[in-house]
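One letter stands for each residue in the lines below.
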Amino acid sequence: PSSSSGDKDFISVNAGLTYTQELWSADLRGESLWGGSEDKRGIQAGLYRQQTPGLGMASIFEYWSRDALNGTSSVDCSVEFSLAYRPIYSQLILLEKLKYSFNEQQGGSADTTQYKLVNNLNANYLFDRSNQLAVHSGLKHIRDNFNSGAYSNLLMTVGVEYRHDISHLWGW
């Protein structure tokens, strides 16, 4: 007898490639899954480049689709860009990430579509070995469509943190 029950059995095939140079690298991965209740397909691609010492940039693309035996289907797609500025002798560190994603589901009780744009910025400034300031800014815009209705939301967060080390054992 089978070690699993019902529609949980599946066959999966995936393959990937990675290419690396001194200042950049790229990777690509594809996957297919054939299951008793649904089939899935996906691809991921990524690229990283060190522009200068202390400055790195990365991007990621993902696409996934699903088709179920009950007639429902979905698509998930996203694109992401990241930037990291952190030179060895700099007092300033910046981390930036921008991501756009799309999700669509069809069939079942409702057809839905969602668009999402998210941006995050983190900055840290080290005044000296005992004092540092961190600032975070985040922005998220979401748009959801359910059958005939559309809903939108915008969210923004800002945070500031100051740290002072009283001694090598205590900080506040």
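The structure reproduced in this document is the subject of the present report. (Residues numbered from 1 in each chain as written. Predicted model: local features only at pLDDT ≥ 70, side-chain atom pairs only at ≥ 80, totals over all residues. Heavy atoms only, no water.)

Let's talk about the overall build of the protein chain
Here is step 1: Secondary structure summary: the protein chain contains zero helices and nine strands in total.
Here is step 2: At 22 Å, the protein chain has a C-alpha radius of gyration far larger than the 16 Å of a compact globule built from 172 residues.
Here is step 3: Its C-alpha atoms give the protein chain principal-axis dimensions of roughly 65 × 45 × 35 Å.
Here is step 4: Split into buried and exposed, the 172 residues of the protein chain put 17% on the buried side.
Here is step 5: Counted over contacts in the protein chain with a minimum sequence separation of 6, partners at least 24 positions apart contribute 35%. (Helix = DSSP H or I, 4+ residues; strand = E, 2+ residues; numbered from the N terminus. Rg over C-alpha atoms; globule rule 2.2 N^0.38 Å. Buried < 20%, exposed > 50% of the residue type's maximum accessible area, 1.4 Å probe, protein only. Contact = heavy atoms within 4.5 Å.)

Focus on the environment of E161
Here is step 1: By secondary structure assignment, the location of E161 is in strand β9 (residues 149–164).
Here is step 2: Given the relative accessible area of 36%, E161 is considered partly exposed.
Here is step 3: Linking E161 and G54, residues 107 residues apart in sequence, is a C-alpha distance of 23 Å.
Here is step 4: When sequence neighbours within four positions are dropped, the list of residues in contact with E161 reads Q132, L133 and A134.

Observations concerning the sheet that holds β9
Here is step 1: Within the open sheet, the nine strands sit side by side as β1-β2-β3-β4-β5-β6-β7-β8-β9. Their pairing is antiparallel. A strand with exactly one partner marks an edge of an open sheet, and here the two such strands are β1 (10–20) and β9. Direction aside, neighbouring strands of the sheet carry axes that sit 5° apart on average.
Here is step 2: Sheet topology places strand β5 (residues 73–85) next to strand β6 (residues 92–106); 13 bridges connect them, and they run antiparallel. If you follow F81 over to β6, its bridge partner there is L98. (Pairing = 2+ DSSP bridges. Axes fitted to C-alpha atoms, helices over the stretch in contact; angles between N-to-C directions.)

With respect to a nonpolar patch on the surface
Here is step 1: Among the surface-exposed residues, L17, L28, I43, F61, Y63 and V79 lie close enough to one another that they form a single nonpolar patch of about 510 Å² accessible area.
Here is step 2: Mapped onto the secondary structure, L28 falls in strand β2 (residues 24–35). (Patch = residues over 30% accessible without salt bridge, like charges linked within 9 Å, V, L, I, M, F, W, Y side chains within 5 Å. Areas by Shrake-Rupley, 256 points an atom, 1.4 Å probe, with all protein chains shown as cover. Salt bridge = Lys/Arg side-chain N within 4 Å of Asp/Glu carboxyl O.)

Here we look at the side chain of N103
Here is step 1: Tracing the sequence through the fold places N103 in strand β6.
Here is step 2: Judged by its relative accessible area of 15%, N103 falls in the buried class.
Here is step 3: Polar contacts involving the side chain of N103 include one to the side chain of D76, which spans 2.3 Å.
Here is step 4: Beyond its immediate sequence surroundings of up to four residues, N103 is in contact with V75, D76, T112, T113 and Q114. (Polar contact = N/O pair within 3.5 Å; in protein donor to acceptor, adjacent residues only side chain to side chain.)

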